[in-house]
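Spelled out, the chains give:
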Amino acid sequence: MKKVMIIAGFLLAPWVAAAGRSVSFHEADANKDGAVTRKEAASFAFVARGFDDADANHNGLLELHEFLYIQSSEPAQRE
Ligand SMILES: [Ca+2]
Ligand SMILES: [Ca+2]
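In this text, all values refer to a predicted model and were calculated from it rather than measured experimentally.

Peer 1: Go over the nonpolar core, please, and point to the residues and values.
Peer 2: Membership of the largest hydrophobic core is limited to 11 residues, which are Val23, Val36, Ala41, Phe44, Phe46, Val47, Phe51, Ala54, Leu62, Phe67 and Ile70. Secondary-structure elements contributing two or more residues to this core are α4 (45-54) and α5 (64-73). Counting residues per element, this core draws most heavily on α4, at 4 residues.

In C-alpha cells:
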C-alpha cells in the first residue's frame, strides 16, 4: 500500500509543479508580444489569480515586471 502511495505521489508531481510558479514569462506569453493578456494568463491558475493585483498600470496586460510580481507574491511562497 505504501508503495502505491509513493508511485501516486511520483505521478502527481508534475501536476503539482504545473499548478505552482514553474511557468516562465515567455511560456505564459503565448504569442511572444512581450505582455501576458488575460486570455494567456487563463492557462496558468496562479497567474490568472494574481492578474488584477499584479497589473499595476491597469492596462489589462502583464508586462515582465508585473509577471515577476505574481511569482514573488504567490501565497505558497510567502508562507
Ligand atoms: Ca502575449
Ligand atoms: Ca500592466
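Peer 1: Outline unusual backbone geometry, supporting the account with residue identities and numerical values.
Peer 2: One non-glycine residue, Lys32, adopts positive backbone phi at about 55 degrees. The residue Lys32 is located in the loop between α2 (25-28) and β1 (36-37) in this model. Positive phi, normally seen in glycine, also occurs at His58, with a value near 50 degrees. Assignment of secondary structure puts His58 in the loop between α4 and β2 (61-62). Overall, the presence of 7 C-beta atoms within 10 Å leaves His58 in the exposed class.

Peer 1: Residues and numbers for the environment of Glu40, please.
Peer 2: In this fold, Glu40 is placed in helix α3 (residues 38-41). The exposure class assigned to Glu40 is partly exposed, which follows from the 19 C-beta atoms found within 10 Å. Note: C-alpha distance between Glu40 and Asp29 (11 residues apart in sequence) is 6.5 Å.

Peer 1: Residues and numbers for α4, please.
Peer 2: Residues Phe46, Val47, Gly50, Phe51 and Ala54 constitute the buried set of α4. Burial along α4 is one-sided: seen end-on, the buried residues are contained in an arc of 150 degrees. Summarising the contacts, the buried residues of α4 are in contact with α2, β1, α3, β2 and α5.

Peer 1: Requested: an account of the packing of α4 against α5, with residues and values cited.
Peer 2: Between two packed helices, both the angle of their axes relative to each other and the distance between the axes serve to describe the pair. Orientation of α4 relative to α5, taken along the N-to-C sense of each, is 115 degrees, at an axis distance of 9 Å. The crossing of α4 and α5 is right-handed. In contact with Phe46, Val47, Gly50 and Ala54 of α4, α5 contributes Glu66, Phe67, Tyr69, Ile70 and Ser73. Its residues assigned to classes, the contact of α4 with α5 comprises 6 nonpolar, 2 polar and 1 charged.

What counts, and at which threshold
- Residues numbered from 1 in each chain as written.
- Chains lettered and ligands numbered in written order.
- Predicted model: local features only at pLDDT ≥ 70, side-chain atom pairs only at ≥ 80, totals over all residues.
- Core = buried A, V, L, I, M, F, W, Y, C linked by C-beta atoms within 7 Å.
- Buried ≥ 20, exposed ≤ 12 C-beta atoms within 10 Å, placed from the backbone.
- Helix = DSSP H or I, 4+ residues; strand = E, 2+ residues; numbered from the N terminus.
- Arc of directions from axis to C-beta.
- Contact = placed C-beta atoms within 7 Å.
- Axes fitted to C-alpha atoms, helices over the stretch in contact; angles between N-to-C directions.
- Left-handed = near helix turned anticlockwise from the far one by under 90°.
- Nonpolar A, V, L, I, M, F, W, Y, C, P; charged D, E, K, R; others polar.

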